[in-house]
Amino acid sequence: MRQSKPATVLDALVIGAGFAGLYQLYCLRERAGLSVKVLEAAGDLGGTWYWNRYPGARCDSESHSYCYFFSKALYQDWEWTERYPGPAEILRYLHHVADRFDLKRSIRFGARVVAAHYDEEENHWEVTTQDGTRYRAAYLVCAVGCLSSANVPDIPGLESFAGRWYHTGEWPHDGVDFRGMRVGQIGTGSTGIQAAPAIAGTAKHLTVFQRTAQYSVPARNAPIDEAFKHHVRESYDAIREVVRSTPNGHPFRIHRRNAFDVGAEERQAIYEAAWEKGGLQFRASFRDLVLDKRANDTAAEFIKKKIRAIVRNPKTAAILADIDHPYAAKRPPIDTDYFETFNRDNVTLVDLRAEPIERITPAGIRTRAREYPLDTLVFATGFDAMTGPLVRMDIRGRGGLKLGEAWRDGPQTYLGLQVPGFPNLFTVTGPGSPSVLTNMPVAIEQHVDWITDCISWMRTRGVERCEPKVDAAERWSEQVNEAANATLLPLATHSWYLGANVPGKPRVFMPYAGGLARYRALCDDVAAKGYEGFVMERSLTAPVRP
Ligand SMILES: Cc1cc2nc3c(=O)[nH]c(=O)nc-3n(C[C@H](O)[C@H](O)[C@H](O)COP(=O)(O)OP(=O)(O)OC[C@H]3O[C@@H](n4cnc5c(N)ncnc54)[C@H](O)[C@@H]3O)c2cc1C
Ligand SMILES: NC(=O)c1ccc[n+]([C@@H]2O[C@H](COP(=O)([O-])OP(=O)(O)OC[C@H]3O[C@@H](n4cnc5c(N)ncnc54)[C@H](OP(=O)(O)O)[C@@H]3O)[C@@H](O)[C@H]2O)c1
């Protein structure tokens, strides 16, 4: 690494230029008045939507909530065209935001951060990008995303494959031409469920390799009509109130009734209506769907029946409906014609539970049962979620402690915002926060606002260092566990929420499942009590009493 030029000195550095990094930049520069730079590995802004341009990609939050709420004028000026926009429209929106608030001048693209070391004596972070450029800043905000480190499984023989292979999370921007190709897709999570119908539409043949069957509910994506656009513009305050007060940040309320408050016939009618309406609202049909296994079974059985009704080949239907975990214990996908895709002549389903992959060969994929000849491979195999993007950087705190070492047994944070031993380092939607269990822009705004307020609080009081107490972080980990254990979520033992999709990763339930509204109240309370649980140091020797 070249280390010739002196380090650029700033008040704050932000890593990542997705929803989180853009808003963090705006807040620190415009509200807190700091000198700030954003370092972004990608060639442009957008984060998730810069990288995930695979066929069929869309959001599953409804467009009128998958956006910023911090500016009413911004909210009302922008018009979404679809219920669930794809990457192109979301990127247009994010560029619109960046232009409106003149953000691009403070972002360096193509700047992958490889190291961030805390200098205890100088109380600053020394940050190095891949090309050796160095920066120094008092505050370091990691807005690196929860789902930004592609997980390519270590399947023997990949290097020998004669065709091309792609990971959906690093999709080529000029697209992939599947015409005439025999495509093998590994993975049937939210991504695979979106990609398969789109790939099947152009490929000569698509073979879907399924390890774990998943529930899915139709998205029912559609253009947004003028009446709804008008409603959204006029209802900013009401929509904002809903996304801020529901547990998951979505623009709909979870019904207060329990699944067994109604009779079987009425329950069936409620599920039918939710299925017809489409989208994640299905999960909100009853209050206790992710709390009570018996309640959950009713939703699970409803969806399994739908699968068996849609898919004509009973053997294929049985493999797709052989789902081993409660509904919504893994992130529940929504789809456009996913199960219908298996009625196409050019689509085959392979059950990896019955015939695991043995290796990739030059000609395709060999399972225990046979070889599948393939021209192209698509890995829809997800991400090293939540901790991956953080520990892949060489982050070192006090005494040179590596973040990866500190988190060897699983991530430990206070409120998902800070890590003991790593002063003045903040994580937006870090492990231990509601993050991926929510409509993320809402969670992102809450975190960014809190971090900005905290830094402003420090500066107005001459506080130089902010770091969580070890016992506060330990207690928070217990609360994160308790919140998860009060739900059915840990029952999906192969979920990425638990880190189970990455071999060797510690099995710790990472997001906070207690709900965004409750979490917001906890964070506000901590701040109101002078940042209770954090050590705030005015100098190296004089802790501040709030
Ligand atoms: C396909 C897909 C669909 C999704 N749909 C939804 C949805 O409908 N609703 C929802 O709420 N959430 C959804 N999510 C989650 C989504 O990640 C968030 O909604 C949101 O985009 C996260 O924004 P972010 O800024 O926190 O992170 P990201 O958008 O992931 O941005 C992080 C940025 O940090 C950069 N970065 C990481 N490491 C480094 C480094 N070392 N140096 C420099 N830069 C770095 C990355 O390049 C990236 O650009 C989806 C995720 C995926 C993968
Ligand atoms: N808005 C949206 O609609 C949308 C779209 C895409 C993604 N997302 C977000 O991104 C998250 C990640 O979704 P994702 O689908 O990319 O990842 P994912 O949910 O982790 O799914 C990965 C899939 O790959 C399979 N897999 C992984 N390694 C494998 C291996 N070695 N052999 C065979 N199969 C393997 C997994 O099987 P196992 O289940 O057995 O591990 C799973 O089916 C989602 O949960 C969601 O939060 C949202």
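The structure under discussion appears in the preceding block.
As a starting point, this report considers the structure included with it.

Counting its secondary structure elements, the protein contains 16 helices and 20 strands. Computed over the C-alpha atoms, the radius of gyration of the protein is 24 Å, within 12% of the 24 Å expected from 2.2 N^0.38 for a compact globule of 546 residues. Based on the C-alpha atoms only, the size of the protein along its principal axes is roughly 70 × 55 × 45 Å. Going through the 546 residues of the protein one by one, you find that 58% of them count as buried. Long-range contacts, defined here as pairs at least 24 residues apart, represent 72% of the contacts in the protein between residues at least 6 apart. When the accessible surface of the protein is summed, it comes to about 22300 Å², and 47% of that surface belongs to carbon and sulfur atoms. If you average the places of the 67 positive and of the 65 negative side-chain charges in the protein, the two averages end up 1 Å apart.

Taken in spatial order, the three strands of this open sheet run E13-E14-E15, and their pairing is antiparallel. Only two strands of the sheet have a single partner each, and these edge strands are strand E13 (357-361) and strand E15 (371-373). The sheet shows a mean angle of 20° between the axes of neighbouring strands, direction not considered. Across three bridges, strand E14 (residues 364-367) lies against E15 in antiparallel orientation. The partner of Gly364 across the bridge, within E15, is Pro373.

A few words now on the site of ligand 1. Near ligand 1, the surroundings consist of 33 residues, among which Glu40, Thr48, Asp60, Tyr66 and Met440 are the closest. In the environment of ligand 1, a nitrogen atom lies 3.0 Å from a nitrogen or oxygen atom belonging to the backbone of Ala41. Val113 places a polar main-chain atom, nitrogen or oxygen, 2.8 Å from a nitrogen atom of ligand 1. In the complex, 95% of the free accessible area of ligand 1, which totals 970 Å², lies under the protein chains. Those elements giving two or more residues to the shell around ligand 1 turn out to be helix H1 (19-31), helix H2 (48-51) and helix H14 (440-460). Of the residues assigned to the shell around ligand 1, the class counts are 20 nonpolar, 10 polar and three charged.

Alternating residues of strand E16 (residues 376-379) divide into Thr376 and Val378 and Leu377 and Phe379, and every residue in both groups is buried. Bridge count for strand E7 (residues 164-167) against E16 is four bridges, and the pairing is parallel. Its bridge partner lying in E16, Tyr166 is registered against Val378. Pairing of strand E8 (residues 182-186) with E16, which is carried by four bridges, proceeds in the parallel orientation. Opposite Val183, over in E16, you have Thr376 as the bridge partner.

We now examine the sheet that holds E7. Taken in spatial order, the five strands make up an open sheet running E7-E16-E8-E9-E12, and their pairing is parallel. Both edges of this open sheet fall to E7 and strand E12 (347-351), since each of them pairs with a single strand only. Mean inter-strand twist for the sheet, computed between neighbouring axes without regard to direction, equals 20°. Contacts between helix H10 (residues 314-321) and the sheet are confined to strand E9 (205-210) and E12, with E12 contributing the most and set at about 55° to the helix.

This part takes up the site of ligand 2. Around ligand 2, the structure places 23 residues, and the nearest of them are Thr188, Thr191, Arg211, Thr212 and Lys330. Side-chain polar atom of Arg331 to an oxygen atom of ligand 2: 3.4 Å apart, as the coordinates give it. Bound to the protein, ligand 2 loses 90% of the 910 Å² it would expose on its own. Top element by residues in the shell around ligand 2 is helix H5 (residues 190-200). It accounts for three residues. By residue class, the composition of the shell around ligand 2 is nine nonpolar, nine polar and five charged.

For H14, which comprises 21 residues, the first-to-last C-alpha distance of 30 Å matches the rise-based estimate of 30 Å (1.5 Å per residue) to within 8%. Most of H14 sits inside the fold, with 16 of its 21 residues counted as buried. Note on H14: the residue one or two positions beyond its end, Gly462, has a positive phi of about 70°.

As a further point, take the packing of aromatic side chains. If you walk through the whole model with that rule in mind, you get 43 aromatic pairs. Between Tyr271 and Phe286, the ring centres sit 5.4 Å apart and the planes meet at 80°, which makes this aromatic pair edge-to-face. Highlighted residues: Tyr271 in helix H8 (residues 264-277) and Phe286 in the loop between H8 and helix H9 (293-310), separated in sequence by 15 residues. For the pair Tyr271 and Phe286, one class covers both residues: buried. Among the aromatic residues, ring-to-ring pairing joins Phe19, Tyr23, Tyr26, Trp49, Tyr66, Tyr68, Phe70, Trp78, Trp80, Tyr93 and Phe101 into one connected group. Just above the ring of Tyr50 sits the side chain of Arg53; from NZ or CZ to the centre is 5.2 Å. Here Arg294 stacks its cationic end above the ring of Phe260, 4.2 Å away from the centre of that ring.

Phi angles above zero are rare outside glycine, and Ala328 is one such case at about 70°. A relative accessible area of 5% places Ala328 in the buried class.

Next up on the list: the side chain of Ser435. Tracing the chain through its elements places Ser435 in the loop between strand E18 (425-427) and H14. A polar contact is formed between the side chain of Ser435 and the backbone oxygen of Ser433, at a distance of 3.0 Å. Contacts of Ser435, omitting those with residues within four sequence positions, involve Cys146, Met386, Thr429, Gly430, Met440, Ala443 and Pro511.

In regular strands, side chains alternate between the two faces of the sheet. In terms of burial, E9 is a largely internal element, five of the six residues being buried. Inspection of the sheet shows E8 paired to E9 by five bridges, in the parallel sense. Its bridge partner being in E9, Arg182 is matched across the sheet by His205. The parallel pair E8 and E9, bridged by H5, forms a crossover whose chirality is right-handed. Judged from the five bridges that link them, E9 and E12 form a sheet pairing that is parallel. Among the inter-strand pairings, Gln210 is bridged to a residue of E12, identified as Asp351.

Looking now at the nonpolar core. Ranked by internal contacts, the top residues of the largest apolar core, which has 85 residues, are Phe19, Tyr68, Tyr93, Leu415, Trp450, Phe534 and Met536. For this core, the element with the highest residue contribution is H14, accounting for 11 residues. Discounting residues that sit within four places of it in the chain, Phe534 has contacts with Tyr414, Leu415, Gln418, Trp450, Cys466, Glu467, Pro468, Lys469 and Val526. In terms of nonpolar packing, the next biggest core, distinct from the first, is built from 46 residues, Ala195, Tyr271, Ala299 and Ile307 among them.

Conventions and cut-offs
The numbers attached to residues start from 1 for each chain and follow its sequence in the written order. In the order they appear in the text, chains get letters beginning with A and ligands get numbers beginning with 1. Only residues with pLDDT of at least 70 get local features here, since the model is predicted, and only at 80 or more are side-chain atom pairs given and counted; chain-wide, interface and lining totals rely on the full set of residues. Based on all heavy atoms of the structure, the side-chain values leave hydrogens and waters out of the count. The helix and strand labels rest on DSSP assignments: H or I over at least four residues marks a helix, E over at least two residues marks a strand, and numbering proceeds from the N terminus. Every radius of gyration here is taken over C-alpha atoms, with the globule rule written as 2.2 Å times N^0.38, N being the number of residues. Residue burial is assigned from relative accessible area. The probe radius is 1.4 Å, only protein chains are included, and a residue is buried under 20% of its type maximum, exposed over 50%, and partly exposed in between. Note on definitions: a residue-residue contact is assigned when non-hydrogen atoms from the two residues lie within 4.5 Å. Here the accessible surface of atoms and residues is derived via Shrake-Rupley with a 1.4 Å probe, and residues count as covered only by protein chains that are part of the display. Positive charges come from Lys and Arg, negative ones from Asp and Glu, while His and the chain ends are left out of the count. Charged side chains are reduced to one point each, which is NZ for Lys, CZ for Arg, CG for Asp and CD for Glu. Only strands that DSSP links by at least two bridges are regarded as paired with each other. Lines are fitted to the C-alpha atoms to define the axes, a helix being fitted only along its stretch in contact, and any angle between axes, read from their N-to-C directions, falls within 0 to 180 degrees. The near set for a molecule or strand comprises every residue that places at least one heavy atom within 4 Å of it. Two N or O atoms count as a polar contact when they lie within 3.5 Å, although within protein this holds only if one can serve as hydrogen donor and the other as acceptor, and sequence-adjacent residues are included solely when both atoms are side-chain atoms. In this count, Pro and Cys sit with the nonpolar residues alongside Ala, Val, Leu, Ile, Met, Phe, Trp and Tyr, while Asp, Glu, Lys and Arg are called charged and the others, Gly among them, polar. Each helix should span, by expectation, one fewer than its residue count multiplied by 1.5 Å. Only Phe, Tyr and Trp rings are paired, with Trp represented by its six-membered ring, and only when their centres lie within 6.5 Å; those with planes under 30 degrees apart are stacked, over 60 edge-to-face, the remainder tilted. Two limits define a charge over a ring: the Lys NZ or Arg CZ must be within 6 Å of the ring centre, and within 35 degrees of the ring normal. Every crossover in which the path from the first strand over the helix to the second runs clockwise, viewed with the strands pointing away from the viewer, is termed right-handed. Among the buried residues, those of types Ala, Val, Leu, Ile, Met, Phe, Trp, Tyr and Cys that are joined through side-chain atoms within 4.5 Å form a nonpolar core.

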